[in-house]
Amino acid sequence: DTAVSQTPKYLVTQMGNDKSIKCEQNLGHDTMYWYKQDSKKFLKIMFSYNNKELIINETVPNRFSPKSPDKAHLNLHINSLELGDSAVYFCASSRSLGRTEAFFGQGTRLTVV
Amino acid sequence: DAKTTQPTSMDCAEGRAANLPCNHSTISGNEYVYWYRQIHSQGPQYIIHGLKNNETNEMASLIITEDRKSSTLILPHATLRDTAVYYCIVRVENNFNKFYFGSGTKLNVKP
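Residues numbered from 1 in each chain as written. Chains lettered and ligands numbered in written order. Predicted model: local features only at pLDDT ≥ 70, side-chain atom pairs only at ≥ 80, totals over all residues. Heavy atoms only, no water.

**Focus: the state of the cysteines**
Stated formally: Any cysteine sulfur atom paired with another within 2.5 Å is treated as part of a disulfide. Every helix listed is a DSSP run of H or I at least four residues long, and every strand listed is a run of E at least two residues long, numbered separately from the N terminus. Between buried and exposed lies partly exposed: a residue is buried under 20% and exposed over 50% of the maximum accessible area for its type, with that area taken using a 1.4 Å probe on protein chains only.
Throughout the structure, instances matching the rule amount to 2 disulfides over all chains. Note on cysteine connectivity: cysteine 23 of chain A is disulfide-linked to cysteine 91 of chain A, with sulfurs 1.8 Å apart. In this structure, the disulfide formed by cysteine 23 of chain A and cysteine 91 of chain A twists by about -75° around the S-S bond and is classed as left-handed. Highlighted residues: cysteine 23 of chain A in strand β3 (residues 19-25) and cysteine 91 of chain A in strand β9 (residues 87-94), separated in sequence by 68 residues. Each member of the pair, cysteine 23 of chain A as well as cysteine 91 of chain A, carries the same accessibility label: buried. Covalent S-S linkage joins cysteine 22 of chain B and cysteine 88 of chain B, the inter-sulfur distance amounting to 2.1 Å. On the S-S bond that ties cysteine 22 of chain B to cysteine 88 of chain B, the torsion sits near -80°, and the link is left-handed. Here the residue cysteine 22 of chain B occupies a position in strand β2 (residues 18-23), and cysteine 88 of chain B occupies one in strand β8 (residues 84-90), the gap between them amounting to 66 residues. As far as the burial class goes, cysteine 22 of chain B and cysteine 88 of chain B line up, both buried.

What follows is the structure in structure tokens.
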């Protein structure tokens, strides 16, 4: 069983469209995250949710809206997609907000054309 | 956040130990050193972390200098499947698991 799974794995869409990426973890973790990996391979946190509550929002444009229907799911909705949004987006989870390791999904490669 | 410096790339022969260095000279007293790796087209994978004592698990060993300004990740018997980018990260102080991954070290394990 995949611990942290994201769908879709690849997403190609036109500028201006709205798209969603889904994430689910079956580890029973309390905390989930969205990270963005840019073309230079730098990976930066975007959001963190703990027990469905938003904890971290790293100055991400408000076109990006995370939604956590329950603590096993954290979806990312992106409105009015721009070329600069092209990147690989990773979902992750950890047991808690404390000093525990994070488990990452396989990533979603988003390409905006 | 403490900044980390790692070599861009390293080579290692299969079956030999791979020693990956990391400098973090501005680390604060209660900041932990984490190591992750990313195999091509996959998500990052946790390897090990430590505060000041050396740590060992089934994947690797982490050696942290006494002044904590640098550390070394040791893969004792590298295999071809260990070819990946290895990230050394110093975790911020606010306990929010807020990781920033820099450019890392590309480890090439060769037969």
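**Some points on the sheet that holds strand β3 (residues 33-38) of chain B**
All names here are of chain B. Rules: Any two strands between which DSSP finds at least two bridges are classified as paired. The convention used is that axes are lines fitted to C-alpha atoms, helices contributing only their stretch in contact, and that angles between N-to-C directions extend from 0 to 180 degrees.
Spatial strand order, β1-β10-β8-β3-β4: 5 strands in an open sheet with mixed pairing. Each edge of the sheet is formed by a strand with only one pairing partner; in this case those strands are β1 (9-13) and β4 (45-50). Each strand axis lies, on average, 25° off the axis of its neighbour in the sheet, ignoring direction. The sheet contact formed by β1 and strand β10 (residues 105-110) spans 5 bridges and is parallel.

**Section: the interface of chain A and chain B**
We count it as follows: Residue contacts are defined here by distance: any two heavy atoms, one from each residue, within 4.5 Å place the two residues in contact. Put simply, buried area is the surface a 1.4 Å probe can reach on two separate parts but cannot reach once they are joined, added for both. Here a salt bridge means any side-chain nitrogen of Lys or Arg lying within 4 Å of a carboxyl oxygen belonging to Asp or Glu. Any pair of N or O atoms that falls within 3.5 Å is considered a polar contact. Within protein, one atom must be able to donate a hydrogen and the other to accept it, and sequence-neighbouring residues count only if both atoms are side-chain atoms. As a working rule, the residues Ala, Val, Leu, Ile, Met, Phe, Trp, Tyr, Cys and Pro are called nonpolar, Asp, Glu, Lys and Arg charged, and the rest polar, with Gly in that last group.
Between chain A and chain B, the contact holds 24 residues from the first and 21 residues from the second. Regarding the contact of chain A and chain B, the summed buried area is about 1,900 Å², with carbon and sulfur atoms giving 52% of it. Remark: the boundary between chain A and chain B carries 0 salt bridges. Across the chain A-chain B interface, the total number found is 2 residue pairs in polar contact (both at pLDDT 80 or more). Broken down by class, the residue content of the side of chain A that touches chain B amounts to 11 nonpolar, 7 polar and 6 charged. Inspection of the sheet shows strand β5 (residues 43-50) of chain A paired to strand β9 (residues 100-101) of chain B by 2 bridges, in the antiparallel sense.

**Some details on the packing of aromatic side chains**
Two numbers describe a pair of aromatic rings. These are the distance of the centres and the angle of the planes. The criterion, for reference: Note on ring pairs: Phe, Tyr and Trp rings are taken, using the six-membered ring of Trp, and paired if centres are within 6.5 Å. Classes follow the plane angle, with under 30 degrees stacked, over 60 edge-to-face and the rest tilted.
Applying the stated criterion across every chain, the model contains 7 aromatic pairs over all chains. Where phenylalanine 90 of chain A meets phenylalanine 104 of chain A, the ring centres are 6.4 Å apart and the plane angle is 80°; that geometry is what we call edge-to-face. You can see phenylalanine 90 of chain A sitting in strand β9 and its partner phenylalanine 104 of chain A sitting in strand β10 (residues 102-104), a full 14 residues away along the chain. No difference in accessibility class separates phenylalanine 90 of chain A from phenylalanine 104 of chain A, as the two residues are buried. Residues phenylalanine 104 of chain A and tyrosine 36 of chain B carry aromatic rings whose centres are separated by 5.9 Å and whose planes lie at 85° to one another, so their mutual orientation is edge-to-face.

**Regarding unusual backbone geometry**
At the junction of threonine 7 of chain A and proline 8 of chain A, the peptide bond is cis and its omega measures out at -5° in the coordinates. Tracing the sequence through the fold places proline 8 of chain A in the loop between β1 (4-7) and β2 (10-13). For lysine 52 of chain A, which is not glycine, the phi torsion reads 70° and is therefore positive. Mapped onto the secondary structure, lysine 52 of chain A falls in the loop between β5 and β6 (53-57). Even without being glycine, serine 41 of chain B reaches a positive phi, approximately 65°. Here serine 41 of chain B lies in the loop between β3 and β4. Residue serine 41 of chain B is classed as partly exposed on the basis of its relative accessible area, which comes to 48%.

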